[in-house]
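The residues making up each chain are set out below.
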Amino acid sequence: MNPGNGPSSGDDQPIRPYDYTPPVAATGTALKRPGRRQMAIAAALILALLALWFLLSARAIEIRTVPAEAELAIDGGGYLALGSRLLLRPGNYQLTVSAKGYATRQQQLLISKARDQQLTVELDKLPGLLLITTAPVPARVLIDGVDAGYSNAAPLGVSAGTHRLRLEAERFLPREQALEIEGMEIEQSLALDLAPGWGTYRVETQPAGASILLDGTQLGVTPTEVELMAGRRTLALQLAGFADAALSIEASAGERQQLPPVALRRADARVQLSSRPS
């Protein structure tokens, strides 16, 4: 129907709807994610730049150790080993040096800006183990004048190097000798005989049966052997009915001797007189 006109003619067609989709306006170009290859190249480039920066700022140091086969450990930052030299950036580090048979050593490692730095670290050997056996009796052990224990017991820990050993046992002569200890927990053994500090003497009297005394202590009855420590000794010989006799001996360690018989003199007779008035 047309507005303002009369009825429409029969040729007019009805209005039909149809689908319409408006065009979408462009908002920009979409970004693409980099591929794995590009990321790997970027990472390699960053690492190369860091390595170049490290090489340009680091300083070389040669660390010599005794023994030469000692192992090194460094805390406090990264480092690069180039043969016998290490590359580290200037600063403070903690150096640990260790080797089998040696005491581990830790110390501060200062890297300055100077070039071609050097450091020598000498490790101390661990103590050695010394097993001492003595015959016929155990002995007190002194090393460099210091009491270290006793022989015929567990091994003794002794520092590496040259020492002076002394053995002491009652009634035996002291024994001294040089001692070379390898250290590094190596076990060494030493077997030594102790020499007697006394002499042996056979004492006889005529008649036999006299008591032998030294400083008031009875040693036996003649005839017999007595052991006397080295030095001048005086024996007292006593037998009932006879006068006491003295026997002086210059005793020597390790000596064995038969002394001439000692003739005892009868004791003087005593007469007791008594009288009564008649």
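This text goes with the structure placed above it.
K.L.:
How do you make sense of the pairing of strand 15 (residues 198–203) when you look at a structure like this?
P.N.:
Residues in a regular strand project their side chains so that they alternate between the two faces of the sheet. In terms of burial, strand 15 is largely enclosed, as 5 of its 6 residues are buried. Pairing of strand 15 with strand 19 (residues 224–229), which is carried by 6 bridges, proceeds in the antiparallel orientation. Bridge pairing links Arg202 to Glu225 in strand 19. Looking at chain direction, strand 15 and strand 22 (residues 256–258) are connected through 3 bridges and run parallel. Looking at the pairing, Tyr201 lines up with Gln257 of strand 22.

K.L.:
Sorry, what's going on with the nonpolar core here?
P.N.:
Buried together is how nonpolar side chains tend to be arranged in soluble globular proteins. Val203, Leu228, Leu235, Leu237, Leu247 and Leu264 are the most contacted members of the largest nonpolar core, which has 18 residues in total. Taken together, the elements giving at least two residues each to this core come down to strand 15, strand 17 (211–214), strand 19, strand 20 (231–238) and strand 21 (245–251). Beyond its immediate chain neighbours, meaning those up to four positions away, Leu247 contacts Val203, Arg233, Thr234, Leu235, Leu237, Leu259 and Val262. Ile143, Leu167, Ile181 and Trp198 belong to the second largest nonpolar core, which has 17 residues in total.

K.L.:
Is there a simple way to explain unusual backbone geometry in this structure?
P.N.:
Most peptide bonds take the trans configuration, and most residues that are not glycine carry a negative phi. Each neighbour pair has its own omega, and for Gln206 with Pro207 the value is 0 degrees, a cis peptide bond. By the secondary structure assignment, Pro207 is in the loop between strand 16 (205–206) and strand 17. Cis geometry marks the peptide bond from Thr222 to Pro223, where omega comes out at -5 degrees. Unusually for a residue other than glycine, Asp144 sits at a positive phi of about 55 degrees. As for its placement among the helices and strands, Asp144 is situated in the loop between strand 9 (140–143) and strand 10 (146–150). Even without being a glycine, Arg171 presents a positive backbone phi close to 75 degrees. Looking at where Arg171 falls in the secondary structure, it is placed in the loop between strand 12 (161–168) and strand 13 (175–181).

Each value, and the rule that gives it
Residues numbered from 1 in each chain as written. Predicted model: local features only at pLDDT ≥ 70, side-chain atom pairs only at ≥ 80, totals over all residues. Heavy atoms only, no water. Buried < 20%, exposed > 50% of the residue type's maximum accessible area, 1.4 Å probe, protein only. Helix = DSSP H or I, 4+ residues; strand = E, 2+ residues; numbered from the N terminus. Pairing = 2+ DSSP bridges. Core = buried A, V, L, I, M, F, W, Y, C linked by side-chain atoms within 4.5 Å. Contact = heavy atoms within 4.5 Å.

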